[in-house]
Amino acid sequence: MFDSLSSKFSSAFASLRKKGRIKSGDLTEILDEIRLALLDSDVALEVADSFIERINARTANSLDEINRGINPSQAVFDIVHEELVAILGGTARRIRYAKVAPTVILLTGLQGAGKTSLAGKLAKYLKDQGNTPILVASDLQRPNAVTQLQVVGESVGVPVFAPEPGNGIGDPVKVAKSGLAFAKDKQHNIVIVDTAGRLGVDAELMAQARNIRDAVNPDEVLFVVDAMIGQDAVKTAQAFLDGVGFDAVVLTKLDGDARGGAALSITEITGRPIMFAATGEKVGDFDLFYPDRMASRILGLGDVQTLAEQAKKAFDGESAAKLEEKFASGDSFTLDDFLSQLEAMKKMGSMTKLLGMLPGMNSGAMKKQLDNFDESELVRTQAIVQSMTPAERTDPKILNGSRRVRIAHGSGRQVSEVNSLVERFTQAQKVMKQMRNGGGLPAGMALPPGMALPPGAGKAPGGQKPPKKKSRSGNPAKRAASS
Ligand code: GDP
């Protein structure tokens, strides 16, 4: 989402870093560049201006002091970083639980903002933390909203209170009220109320949301907004703030390629923090919003904390530890280990999204490689490995021609694909051996154990060709990078 902004920040600072001592003109130049980059990313004009003004106030009159330091450009960078964290809300804000359960969370926002999806994501997140949430279907307007909530609730194992069919039938205020009573009766400690939106802000929508709010007296009103709608996000937020009021913001569709200005403007304009971020359509594509991590990503510093957390979530500790142990003990890396890596990677969702969190991964050649990452390749590779017998997985050397034909049939793939996988796996195995013998982590594999890119990752879709023997590099790092 912030690719373009991020690369502009990087290039602005790259030229500042070359300067050594910073003159007042250099400062003006970089602030102009940053301002333009923000405006290009759809950041609201007033937010961009006050951001620049704050940086200017902290740098322009302190240039002598900054230049006396060891690294003047780094000092300016740090100030920009701090101010970026500040416009993103400063410290992270979390759900305030009611003193007496249940805690009531009301979701508001335009139709299509992602409220219903968010209801499921939030319910799952809260359930995983040991809560007993219930979803209340008060969006009785949007076609299929009730069914969608029921499906989502079922998929995350959270009950849905839905006494009305929706599609224009039923009273949403009554549903919200009886949902709350039901939750109290059944001792759910959190109630998440999904409400209707319209395609645009209108008086009826606001009145309905207000009435539901008054009926359930929520502990948290969350305004859900699609980050892809650019400048309009800020206007819509203002309208909801005036019409219904809200305590915090949830940004959805941060996985999109919009320019991200909404994220940077909304807190400053509304004075409300961003609490959660949704980054995809799956229930797991959801995270707490951390202003400092987001600022780091925008500045090209990556977001290693989130990556590490996601990795930890995806690898059950036991199999990661087993793999690590195996690796250290000198046992060979088998296709079974490889299969568990693939499964873990699939669990992690889109690799590109995650790897983009590593510093420097969001630009240039690495980005291109990530963009080419084809998740269906994982599934195909997995099918091939699953068609092998345990003996074959442990010792792929026994894979003769007829065994390969059998595996190809079993997995519905071509023999050439089986060959390619075996060849790549053998290569990966060699690289692992070299790493163990002190060769260090090869390029493209700068990941925790168990997260080595599998054969096929980063390849352009459309089939893999086995690497040409002649052009193979003698350097394992180069070889891994080119596979
Ligand atoms: P509602 O009308 O506010 O309830 O919106 P929905 O929850 O039905 O979402 C509208 C569409 O946006 C659906 O197709 C969702 O799958 C999709 N969606 C929701 N959140 C995200 C997200 O974070 N990223 C992406 N790419 N799509 C999302």
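Residues numbered from 1 in each chain as written. Predicted model: local features only at pLDDT ≥ 70, side-chain atom pairs only at ≥ 80, totals over all residues. Heavy atoms only, no water.

**Q** Can you help me understand the overall build of the chain in this one?
**A** Of regular secondary structure, the chain possesses 22 helices and eight strands. For the chain, with 483 residues in total, the buried portion stands at 49%. Put simply, of all contacts in the chain between residues at least 6 apart along the chain, 76% involve residues at least 24 apart. Within the structure as shown, the chain displays about 22,100 Å² of accessible surface, and the carbon and sulfur contribution to it stands at 52%. (Helix = DSSP H or I, 4+ residues; strand = E, 2+ residues; numbered from the N terminus. Buried < 20%, exposed > 50% of the residue type's maximum accessible area, 1.4 Å probe, protein only. Contact = heavy atoms within 4.5 Å. Areas by Shrake-Rupley, 256 points an atom, 1.4 Å probe, with all protein chains shown as cover.)

**Q** How should I be thinking about the packing of aromatic side chains in this particular structure?
**A** The relative placement of two aromatic rings is captured by the distance of their centres and the angle of their planes. Across all of its chains, the model carries seven aromatic pairs by this definition. Here the aromatic residues Tyr125, Phe276 and Phe286 are joined through ring pairs into a cluster of three or more. Just above the ring of Tyr290 sits the side chain of Arg293; from NZ or CZ to the centre is 3.7 Å. (Phe/Tyr/Trp six-rings, centres within 6.5 Å; stacked < 30°, edge-to-face > 60°. Lys NZ or Arg CZ within 6 Å of the ring centre and 35° of its normal.)

**Q** Teacher, can you tell me more about the site of the ligand here?
**A** Taken together, the neighbourhood of the ligand is formed by 18 residues, with Gly112, Lys115, Thr116, Ser117 and Glu281 sitting nearest. Contacts to the ligand include Gln148, whose side-chain N or O atom sits 3.1 Å from an oxygen atom. Within the backbone of Ala278, an N or O atom sits 3.3 Å from an oxygen atom of the ligand. Taking 580 Å² as the accessible area of the ligand by itself, protein coverage stands at 81%. Here the shell around the ligand gets four residues from one element, more than from any other, and that element is helix H6 (residues 115–128). (Near = heavy atom within 4 Å. Polar contact = N/O pair within 3.5 Å; in protein donor to acceptor, adjacent residues only side chain to side chain.)

**Q** Can you help me understand the sheet that holds strand E4 (residues 190–195) in this one?
**A** Strands in a sheet are paired, the pairing made by backbone hydrogen bonds, and the direction either parallel or antiparallel. Sheet architecture is open: eight strands sit in the order E3-E2-E4-E1-E5-E6-E7-E8, paired in mixed fashion. Only two strands of the sheet have a single partner each, and these edge strands are strand E3 (160–161) and strand E8 (286–288). Pairing of strand E2 (residues 133–138) with E4, which is carried by six bridges, proceeds in the parallel orientation. Counterpart to Pro133 in the pairing with E4 is Ile190. (Pairing = 2+ DSSP bridges.)

**Q** In this structure, what is going on with the packing of helix H3 (residues 45–59) against helix H5 (residues 72–87)? I would like to understand it.
**A** Where H3 contacts H5, the two axes come as close as 10 Å, and the packing angle between them is 140°. The pairing of H3 with H5 is recorded here as oblique in orientation. In the crossing of H3 with H5, the sense of the turn from one axis to the other is right-handed. Between H3, through Val47, Phe51, Arg54, Ile55, Arg58 and Thr59, and H5, the contact on the second element is made entirely by Ile79, Val80, Glu82, Glu83, Leu84 and Ile87. Looking at the contact of H3 with H5 residue by residue, the class counts come to seven nonpolar, one polar and four charged. (Axes fitted to C-alpha atoms, helices over the stretch in contact; angles between N-to-C directions. Parallel < 35°, antiparallel > 145°, perpendicular 65-115°, else oblique. Left-handed = near helix turned anticlockwise from the far one by under 90°. Nonpolar A, V, L, I, M, F, W, Y, C, P; charged D, E, K, R; others polar.)

**Q** Before we go on, may I ask you to explain the pattern of salt bridges in this structure?
**A** In a structure, side chains of opposite charge can pair up when their charged atoms sit close to one another. Under the definition given, this model contains 20 salt bridges. For Asp40, the salt bridge identified is with Lys8, shortest N-O distance 3.0 Å. Here Asp40 is found in helix H2 (residues 24–40), whereas its partner Lys8 is found in helix H1 (residues 3–17), with 32 residues between them in sequence. Residue class for Asp40 comes out partly exposed when judged on its relative accessible area of 40%. Accessibility expressed as a relative area gives 29% for Lys8, which makes it partly exposed. Here Asp26 makes a salt bridge to Lys19, at a shortest N to O gap of 3.6 Å. (Salt bridge = Lys/Arg side-chain N within 4 Å of Asp/Glu carboxyl O.)

**Q** Which parts of the structure should I look at to understand the packing of H1 against H2?
**A** Helix-helix packing is characterised by the crossing angle of the two axes and by the distance between the axes. Across the interface, H1 lies against H2 with an axial gap of 9 Å and an inter-helix angle of 175°. Taken together, the axes of H1 and H2 lie roughly antiparallel to each other. On H2, the residues touching Leu5, Lys8, Phe9, Ser11, Ala12, Phe13 and Leu16 of H1 are Asp26, Ile30, Glu33, Ile34, Ala37, Leu38 and Asp40.

**Q** So what exactly am I meant to see when it comes to the pairing of strand E5 (residues 220–226) here?
**A** Remember that side chains alternate between the two faces of the sheet whenever the strand is regular. For E5, the buried fraction is high: seven of the seven residues fall into the buried class. Across the two faces of E5 the burial is the same, with Glu220, Leu222, Val224 and Asp226 and Val221, Phe223 and Val225 all buried. Note that strand E1 (residues 103–108) and E5 share four bridges and pair parallel. Residue pairing for E5: Thr108 is matched across the bridge by Phe223. Handedness of the crossover joining E5 and strand E6 (residues 248–252) through helix H10 (residues 231–243) is recorded here as right-handed. (Right-handed = clockwise from strand over helix to strand, strands pointing away.)

**Q** Just to check I follow, could you spell out helix H8 (residues 172–185) for this structure?
**A** One full turn of an α-helix is made of 3.6 residues, so residues set three or four places apart face in the same direction. Helix length check: H8 (14 residues) gives 20 Å between terminal C-alpha atoms against 20 Å at 1.5 Å per residue, within 8%. For H8, the set of buried residues is Pro172, Val175, Ala176, Gly179, Leu180 and Ala183. With its buried residues spanning 135° around the axis, H8 presents them on a single face. Exposed side chains of H8 directed beyond 90 degrees from the buried face belong to Lys174, Lys177, Lys184 and Asp185. As for H8, its buried residues are in contact with E1, E2, E3, E4 and helix H9 (203–216). Here H8 starts with a cap whose side-chain oxygen sits 2.9 Å from the backbone nitrogen of Val173, and that cap is Asp171. (Expected span 1.5 Å × (residues − 1). Arc of directions from axis to C-beta.)

**Q** Mind showing me how you'd approach unusual backbone geometry here?
**A** Where the residue is not glycine, phi is negative for most of them; where a peptide bond is considered, it is trans in most cases. Note that the residue after Ala101, namely Pro102, is joined by a cis bond; omega there is 5°. Topologically, Pro102 is positioned in the loop between H5 and E1. At Asn217, a residue that is not glycine, the phi angle is positive and equals roughly 45°. Along the chain, the position of Asn217 falls in the loop between H9 and E5.

**Q** How do you make sense of the confidence of the model for the chain when you look at a structure like this?
**A** Atomic detail in the predicted coordinates should be set aside for any region of low pLDDT. Counting all residues, the mean pLDDT for the chain is 80, and 75% of those residues have values of 70 or more. Taken together, the stretch residues 440–483 has pLDDT below 50 and engages in 79 contacts with residues farther than four places along the chain or on a different chain. (pLDDT = per-residue confidence, 0-100.)

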